[in-house]
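# Close look at the chain arrangement
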Amino acid sequence: MKRINSRVIDFLWMKEPHNHRQVGYAMIAVAGGLAAIGLIALATGGNVLFGDNMQRAHTAFFNECKENDFKLDGCEKYLDRINSEISGVYVDLEK
């Protein structure tokens, strides 16, 4: 049987503890992140279209505000985004 070089054994068994503490902290951080993702998946698991439903509700509210010239309650959050070339929505707010 051939004898293995002592440097190989030192590398394999990591006799010198260089960065074990940082690696341990990184592993804890990764585990925490994965746990958070799992909890979010469990919370929204029953509603697979959670994000889609939220986006559709916001779009419907914006279109309702647009039809009523942004005079409804809650439509003031859109006032800084309208009347510009980028939005393409022009409303006379002085009415």
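Anyway, here's the lowdown on the structure attached to this text. (Residues numbered from 1 in each chain as written. Predicted model: local features only at pLDDT ≥ 70, side-chain atom pairs only at ≥ 80, totals over all residues. Heavy atoms only, no water.)

## Side note on the state of the cysteines
Applying the stated rule across the entire model yields 1 disulfide. The partner cysteine of C65 in its disulfide is C75, sulfur to sulfur 1.8 Å. Its torsion about the S-S bond being -80 degrees, the disulfide of C65 and C75 is classed as left-handed. Residue C65 is found in helix α3 (residues 50-67), and its partner C75 is found in the segment after α3; the two are separated by 10 residues along the sequence. Each member of the pair, C65 as well as C75, carries the same accessibility label: buried. (Disulfide = S-S within 2.5 Å. Helix = DSSP H or I, 4+ residues; strand = E, 2+ residues; numbered from the N terminus. Buried < 20%, exposed > 50% of the residue type's maximum accessible area, 1.4 Å probe, protein only.)

## Topic: the nonpolar core
One finds C65, F70, C75, Y78, I82, V89 and V91 forming the largest nonpolar core, which totals 7 residues. Filtering out sequence-adjacent residues up to four positions away, C75 remains in contact with F61, C65 and F70. (Core = buried A, V, L, I, M, F, W, Y, C linked by side-chain atoms within 4.5 Å. Contact = heavy atoms within 4.5 Å.)

## Observations concerning α3
In this model α3 runs 26 Å from its N-terminal to its C-terminal C-alpha over 18 residues, within 8% of the 26 Å that 1.5 Å per residue would give. Just downstream of α3, D69 is the residue with a positive phi angle, here 55 degrees. (Expected span 1.5 Å × (residues − 1).)

## Some details on the pattern of salt bridges
A full pass over the atoms with the stated rule returns 1 salt bridge. For D52, the salt bridge identified is with R56, shortest N-O distance 2.9 Å. One end of the pair is D52 and the other is R56, both in helix α3 and 4 residues apart, which spans about a single turn. (Salt bridge = Lys/Arg side-chain N within 4 Å of Asp/Glu carboxyl O.)

Interpretation in functional terms is not warranted from these geometric data alone.
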